[in-house]
Amino acid sequence: QLYNRGTNMDLRTLILPSKTVEFDYDGVKDLSFSLSFISKSELDKMRKTHTSVKKNKYTKAYEDELDQDAFLKEYVPSVLKGWRGLTVDAVQSFIIVDEAEDLGKEIPYTEENAYNLLTNSIDLDNWVSEKISEVENFRSNK
């Protein structure tokens, strides 16, 4: 039988709801993103907030339905906290952009810009998801 014979420690006091770390984006010089790990309980709260129960008109069963757009508007700024070095040229690595723009022009971080970038780029969305799902990336001694 395994149990704690020593002090009474409450695991809840150790758990951080989130932690932000800056990651360099490989393949694009001088580009980095500040990403935040969010706990499962925080993610579950977000999902629950944007989920409603709807009756399926074909099966007549009640089903949970996630409002994907509303969920992403909350989720994206929770995990993508900022960036450095995001220029029009760098954005071309993720999505097709108006080539008439000055390629060296910096794109400022705003929640709306983060939402538009992440929801329009499969590659960047996958990279962010990969980074934030690996708890090892958020340890101080990595």
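Everything quoted here is computed from the prediction, not taken from an experiment.

Draft legend 1. The arrangement of the overall build of the chain in detail. Of the regular secondary structure elements, the chain holds five helices and five strands. Beginning at the N terminus, the succession of helices and strands in the chain can be written as β-β-α-β-β-α-β-α-α-α. In summary, the chain has a C-alpha radius of gyration of 20 Å against a globular reference of 14 Å for 142 residues, an excess of more than 25%. Based on the C-alpha atoms only, the size of the chain along its principal axes is roughly 65 × 50 × 20 Å.

Draft legend 2. Highlighting the nonpolar core. Core analysis: the largest hydrophobic core is formed by 30 residues, its most contacted members being Phe33, Tyr75 and Leu124. Of all the elements in the fold, those that place two or more residues in this core are β1 (18–24), β2 (32–38), α1 (40–49), α2 (68–79), β5 (80–84), α3 (88–91), α4 (111–120) and α5 (122–133). With residues near it in sequence (within four places) discarded, Leu124 still touches Tyr25, Phe33, Phe94, Leu117 and Leu118.

Draft legend 3. Here's a closer look at the packing of α4 against α5. One can describe the packing of α4 onto α5 by two numbers: an axis separation of 5 Å at closest approach and a directional angle of 100°. With respect to their mutual orientation, α4 and α5 come out roughly perpendicular. Each of Leu117, Leu118 and Asn120 in α4 lies in contact with α5, whose residues at this interface are Ile122, Leu124, Asp125 and Val128. Tallied by class, the residues present in the contact of α4 with α5 amount to five nonpolar, one polar and one charged.

Draft legend 4. Highlighting the side chain of Asn137. Within the fold, Asn137 resides in the segment after α5. Taking relative accessible area as the criterion, Asn137 reaches 14% and is therefore assigned buried. Side-chain polar atoms of Asn137 contact the backbone oxygen of Lys131, separated by 2.9 Å.

Draft legend 5. Here's a closer look at α5. Over its twelve residues, α5 runs 16 Å from end to end, which matches the ideal 16 Å to within 8%, given 1.5 Å per residue. The inward-facing, buried residues of α5 abut β1, β2, α2 and α4.

Draft legend 6. Examining the environment of Ala114 more closely. Positionally, Ala114 belongs in helix α4. Distance in space between the C-alpha atoms of Ala114 and Trp83 is 9.2 Å, their sequence separation being 31 residues. Once you skip the residues sitting within four places of it in the chain, Ala114 turns out to touch Val76, Leu80, Trp83 and Tyr109.

Draft legend 7. Examining the side chain of Ser121 more closely. Mapping Ser121 onto the fold places it in the loop between α4 and α5. The buried category is assigned to Ser121, whose relative accessible area is 2%.

Draft legend 8. Looking closely at the pairing of β2. Most of β2 is tucked away: six of the seven residues are buried. With seven bridges joining them, β1 and β2 adopt antiparallel strand pairing. Looking at β2, one finds that Lys19 is bridged to Phe37. Relative to β5, β2 is paired through four bridges, and the arrangement is antiparallel. Residue Leu35 lies in a different strand from β5, and its bridge partner there is Leu80.

The rules behind the values
Residues numbered from 1 in each chain as written. Predicted model: local features only at pLDDT ≥ 70, side-chain atom pairs only at ≥ 80, totals over all residues. Heavy atoms only, no water. Helix = DSSP H or I, 4+ residues; strand = E, 2+ residues; numbered from the N terminus. Rg over C-alpha atoms; globule rule 2.2 N^0.38 Å. Core = buried A, V, L, I, M, F, W, Y, C linked by side-chain atoms within 4.5 Å. Buried < 20%, exposed > 50% of the residue type's maximum accessible area, 1.4 Å probe, protein only. Contact = heavy atoms within 4.5 Å. Axes fitted to C-alpha atoms, helices over the stretch in contact; angles between N-to-C directions. Parallel < 35°, antiparallel > 145°, perpendicular 65-115°, else oblique. Nonpolar A, V, L, I, M, F, W, Y, C, P; charged D, E, K, R; others polar. Polar contact = N/O pair within 3.5 Å; in protein donor to acceptor, adjacent residues only side chain to side chain. Expected span 1.5 Å × (residues − 1). Pairing = 2+ DSSP bridges.

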